[in-house]
Amino acid sequence: MTTAKTDDVVKEAPAPAFPSDRRERERMRRRLARQRGGGWWPYVFLAPWFVGLFGLTIYPMLDSLYLSFTDFDLLSAPDWVGTKNYEHMFAEDPVFWDTVHATLLYVAVSVPLKLALALGVAMLLNRDLKGIGLYRAAFYLPSLLGGAVAVAIVWRQVFGGDGLFNDFLAWFGVEGQDWISSPDTAIYTLILLAVWQFGTPMVIFLAGLKQLPRDVYEAASIDGAGPVTRFFRITLPLLTPIVFFNVVLQIIDAFKTFTPAFVISNGTGGPLNSTMLYSLYLYKKGFTDLQMGYASAMAWVLFLVIAGFTAVNFIAGRYWVHYDD
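Note that the structure is predicted; figures quoted are calculated from it, not measured.

1. Here's the deal with the overall build of the protein chain
Right, so step 1: Scanning the protein chain from N- to C-terminus turns up 15 helices and 2 strands.
Right, so step 2: Within the protein chain, the proportion of its 325 residues that are buried is 34%.
Right, so step 3: Only carbon and sulfur atoms are counted for the fraction: they give 65% of the accessible area of the protein chain, which is about 21,100 Å².

2. A closer look at the environment of Asn-246
Right, so step 1: Within the secondary structure, Asn-246 sits in helix H12 (residues 240-255).
Right, so step 2: Sequence separation between Asn-246 and Val-111 is 135 residues; the distance between their C-alpha atoms is 9.4 Å.
Right, so step 3: Look past the residues within four positions of Asn-246 in its chain and what remains in contact with it is Leu-115, Pro-201, Ile-204 and Phe-205.

3. What to know about the side chain of Asn-126
Right, so step 1: Among the structural elements, Asn-126 can be located in the loop between helix H4 (94-125) and helix H5 (132-145).
Right, so step 2: Here Lys-210 takes part through its side chain, which lies 3.3 Å from a polar atom of the side chain of Asn-126.
Right, so step 3: The residues contacting Asn-126, other than those within four sequence positions of it, are Arg-136, Leu-206, Leu-209 and Lys-210.

4. Some words on a nonpolar patch on the surface
Right, so step 1: A cluster of nonpolar side chains, Trp-40, Trp-41, Tyr-43, Val-44 and Phe-45, forms an exposed patch at the surface whose accessible area comes to about 730 Å².
Right, so step 2: Mapped onto the elements of the fold, Trp-40 is located in the loop between helix H1 (22-37) and helix H2 (41-67).

5. A word on the packing of aromatic side chains
Right, so step 1: This structure, assessed with the given rule, holds 24 aromatic pairs.
Right, so step 2: Centre to centre, the rings of Phe-139 and Phe-198 are 6.1 Å apart; their planes meet at 50°, and the pair counts as tilted. Placement of Phe-139 in helix H5 and of Phe-198 in the loop between helix H8 (186-196) and helix H9 (199-210) is noted, with a sequence separation of 59 residues between them.
Right, so step 3: Exposure remark for Phe-198: the relative accessible area of 6% places this residue in the buried category.
Right, so step 4: An angle of 85° between the planes, with centres 5.0 Å apart, marks the rings of Phe-231 and Phe-232 as edge-to-face.

6. Some points on helix H6 (residues 149-158)
Right, so step 1: When H6 is considered as a whole, its buried residues turn out to be Val-151, Ala-152 and Trp-155. Looking straight down H6, one finds that the buried residues subtend no more than 100° of arc, so they occupy a single side. Exposed residues lying more than 90 degrees from the buried face of H6 are Ala-150 and Gln-157.
Right, so step 2: Where H6 is buried, its residues contact H5, H8 and helix H13 (259-264).

7. Brief notes about the packing of H4 against H9
Right, so step 1: For the pair H4 and H9, the least separation of the axes is 8 Å and the interaxial angle reads 45°. In terms of orientation, H4 lies oblique with respect to H9. H9 is crossed by H4, and the crossing has right-handed handedness. Residue-level contacts link Lys-114, Leu-115, Ala-118, Leu-119, Val-121, Ala-122, Met-123 and Leu-125 of H4 to Pro-201, Met-202, Phe-205, Leu-206 and Leu-209 of H9.
Right, so step 2: Looking at the contact of H4 with H9, its residues break down into 12 nonpolar, no polar and 1 charged.

8. Looking at H4
Right, so step 1: Across its 32 residues, H4 extends 46 Å between first and last C-alpha, which sits within 8% of the 46 Å expected from 1.5 Å per residue.
Right, so step 2: At the N-terminal end of H4, a side-chain oxygen is found 3.2 Å from the backbone nitrogen of Val-95, two or three residues along, and the residue is Asp-93.

9. What to know about the nonpolar core
Right, so step 1: By size, the foremost hydrophobic cluster in this structure holds 61 residues, and its most contacted members are Met-89, Tyr-106, Phe-205, Tyr-278 and Met-298.
Right, so step 2: Among the elements that make up this core, the one with the highest residue count is H4 (11 residues).
Right, so step 3: Look past the residues within four positions of Tyr-106 in its chain and what remains in contact with it is Val-111, Ile-187, Leu-190, Ile-191, Ala-194, Ala-254, Thr-257 and Leu-277.

10. Quick look at the environment of Gly-161
Right, so step 1: Along the chain, Gly-161 turns up in the loop between H6 and helix H7 (164-170).
Right, so step 2: You can call Gly-161 partly exposed: its relative accessible area is 39%.
Right, so step 3: On a C-alpha basis, the gap between Gly-161 and Gln-177 in space is 5.4 Å, while along the polypeptide they are 16 residues apart.

11. A word on the confidence of the model for the protein chain
Right, so step 1: The predicted model of the protein chain has a mean per-residue pLDDT of 87, with 90% of residues at 70 or higher.
Right, so step 2: Below pLDDT 50 for its whole length, residues 1-17 participates in 0 contacts with residues either more than four positions away or in separate chains.

12. A word on the side chain of Ser-296
Right, so step 1: Relative to the assigned elements, Ser-296 resides in helix H15 (residues 292-320).
Right, so step 2: What makes Ser-296 buried here is its relative accessible area of 7%.
Right, so step 3: At 2.9 Å, the side chain of Ser-296 forms a polar contact with the backbone oxygen of Met-292.
Right, so step 4: Contacts of Ser-296, omitting those with residues within four sequence positions, involve Ser-64, Leu-67 and Ser-68.

13. Description of the pattern of salt bridges
Right, so step 1: Here the structure, examined in full by the defined rule, presents 2 salt bridges.
Right, so step 2: Between Lys-284 and Asp-289 there is a salt bridge, with the nearest N and O atoms lying 3.6 Å from each other.
Right, so step 3: Looking at Lys-284, the relative accessible area reads 24%, which means it is partly exposed.
Right, so step 4: Of the charged contacts in the structure, one is a salt bridge between Asp-289 and Lys-285, with a shortest N-O distance of 3.9 Å.

Cut-offs used in this document
Residues numbered from 1 in each chain as written. Predicted model: local features only at pLDDT ≥ 70, side-chain atom pairs only at ≥ 80, totals over all residues. Heavy atoms only, no water. Helix = DSSP H or I, 4+ residues; strand = E, 2+ residues; numbered from the N terminus. Buried < 20%, exposed > 50% of the residue type's maximum accessible area, 1.4 Å probe, protein only. Areas by Shrake-Rupley, 256 points an atom, 1.4 Å probe, with all protein chains shown as cover. Contact = heavy atoms within 4.5 Å. Polar contact = N/O pair within 3.5 Å; in protein donor to acceptor, adjacent residues only side chain to side chain. Patch = residues over 30% accessible without salt bridge, like charges linked within 9 Å, V, L, I, M, F, W, Y side chains within 5 Å. Salt bridge = Lys/Arg side-chain N within 4 Å of Asp/Glu carboxyl O. Phe/Tyr/Trp six-rings, centres within 6.5 Å; stacked < 30°, edge-to-face > 60°. Arc of directions from axis to C-beta. Axes fitted to C-alpha atoms, helices over the stretch in contact; angles between N-to-C directions. Parallel < 35°, antiparallel > 145°, perpendicular 65-115°, else oblique. Left-handed = near helix turned anticlockwise from the far one by under 90°. Nonpolar A, V, L, I, M, F, W, Y, C, P; charged D, E, K, R; others polar. Expected span 1.5 Å × (residues − 1). Core = buried A, V, L, I, M, F, W, Y, C linked by side-chain atoms within 4.5 Å. pLDDT = per-residue confidence, 0-100.

Right, here's the structure in full:
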């Protein structure tokens, strides 16, 4: 008796015919790409965003760039004056340089203090304690209220001649002063208000601290590293991307500060232009003096300064920001 042994034969499906002509292959590739990408429907859904981008961002920016080379008072047609606004700004306007000095002082002092306080509080709140969520919300609350006009009014009352701050100093036998009305101290009341609004960077730092590996700290503790060593050798290097992110955001926000300076100084920037921040002077030129062309030129200078600081931060970040690699 003989048995026949048969092998299983697997038949491969024939490969789809692909045209040999180069143009036909390109047309087929585009047709398949449109089928996979949904055709024009994605652009239809993105149309409102494009309208907002070009209608509310790009066009106003280009229009303000044109106005920066004109004499425009909001009541008559713009009159082309070339670079006169920029020449007057840098060579003939002493108040402009007062605003530059006040703004740079405000940025240079408030940003490091705010970030240092935010990081310190974030490390204190990075614990699993009962009711810790309530404490985190309480520390974040000033950031929600700090930009309000009402808070700036209260701040002006606190640091006035008869304010609560002088009452506090009186308990220690220290005679206070009108901190808002003194040109030597007025800007520091604005800086203190900015530092008080540390909630936003604190939450970002707290989120970064939650992502740090615990095993690294355990190994460092076994090796005898103390809290200070662990902070400078582990926490801070691993947290540098978060520090970089907060530095960039806080510098941009500090340069754009307007409401506290306007409210505390009653819109004057006094005393002696000590609280005349750049945004306040820009507003004053545009909407009080009706020099919208000059204000547009100031706006573009501010834009270039912020862009320059941001670029410097990104370039310098290559040397001190440490990522996973």
